[in-house]
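# Report on the structure
Below, each chain spelled out in residue letters.
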Amino acid sequence: MAWTEKNYPQSMKNLKKIVRDKAIEIANALKNKGYNDQRAISIATEKAEQWYKDHHVSKKNDPFKKNKKHS
């Protein structure tokens, strides 16, 4: 049974909605490839959180980015 935005694993309940939706999408794809539920959830959660950081977190607040000061 595929997960949906209304029926998803309990472990995803505290994720931001946008991250949870992406995690559900990834987890369903992994299940279709034969991954078991727990492994699919684990991988999907990690990948969705990374996707969110890569695409939605402001670059100016990135602690790893060096600030260039113009003189």
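Now for a quick tour of the structure. These numbers come from a predicted model, not from an experiment. (Residues numbered from 1 in each chain as written. Predicted model: local features only at pLDDT ≥ 70, side-chain atom pairs only at ≥ 80, totals over all residues. Heavy atoms only, no water.)

## Observations concerning the overall build of the protein chain
Looking only at helices and strands, one finds two helices and zero strands in the protein chain. Looking at the protein chain residue by residue over its 71 residues, the buried ones come to 27%. Across the protein chain, every contact between residues at least 6 apart in sequence was considered, and the portion connecting residues at least 24 apart equals 44%. (Helix = DSSP H or I, 4+ residues; strand = E, 2+ residues; numbered from the N terminus. Buried < 20%, exposed > 50% of the residue type's maximum accessible area, 1.4 Å probe, protein only. Contact = heavy atoms within 4.5 Å.)

## Regarding the nonpolar core
Trp3, Met12, Leu15, Val19, Ala23, Ile24, Ala27, Ile41, Ala44, Ala48 and Tyr52 together form the largest nonpolar core, which totals 11 residues. Not counting chain neighbours up to four residues away, the residues in contact with Tyr52 comprise Lys16, Ile18, Val19 and Val57. (Core = buried A, V, L, I, M, F, W, Y, C linked by side-chain atoms within 4.5 Å.)

## A short note on the side chain of Arg20
Locating Arg20 in the fold gives a position in helix H1 (residues 17–32). One buried charged side chain, Arg20, makes no salt bridge at all; its nearest oppositely charged neighbour is Asp21, positioned 4.9 Å away. Filtering out sequence-adjacent residues up to four positions away, Arg20 remains in contact with Tyr8, Met12, Lys13 and Leu15. (Lys, Arg positive; Asp, Glu negative; His and termini not counted. Salt bridge = Lys/Arg side-chain N within 4 Å of Asp/Glu carboxyl O.)

## Some thoughts on the pattern of salt bridges
Working definition: two side chains of opposite charge can pair if their charged atoms are close together. Counted by the stated rule, this structure contains four salt bridges. Its salt-bridge partner being Lys17, residue Glu5 comes within 3.7 Å of it at the nearest N-O pair. A residue pair is termed long-range when its members are at least 10 positions apart, and Glu5 in the segment before H1 and Lys17 in helix H1 qualify at 12 residues. Ionic pairing is found between Lys31 and Asp37, a salt bridge with its closest N-O pair at 3.2 Å.

## Some details on the environment of Glu49
When you line up the elements, Glu49 lands in helix H2 (residues 37–56). Put simply, Glu49 and Ile18 are 31 residues apart on the chain and 9.6 Å apart in space, counted from C-alpha to C-alpha. In this structure, Glu49 is in contact with Leu15 and Val19, ignoring residues within four places of it in sequence.

## A word on H2
Since the α-helix packs 3.6 residues into each turn, any two residues three or four apart lie on the same face. In this model, H2 (20 residues) spans 27 Å end to end at C-alpha, consistent with the 28 Å of a helix rising 1.5 Å per residue. When we look at burial in H2, the residues that qualify are Ala40, Ile41, Ile43, Ala44, Thr45, Ala48 and Tyr52. In this fold, the buried residues of H2 make contact with H1. At the N-terminal boundary of H2, the capping side chain belongs to Asn36, with an oxygen 3.1 Å from the backbone nitrogen of Gln38. (Expected span 1.5 Å × (residues − 1). Polar contact = N/O pair within 3.5 Å; in protein donor to acceptor, adjacent residues only side chain to side chain.)

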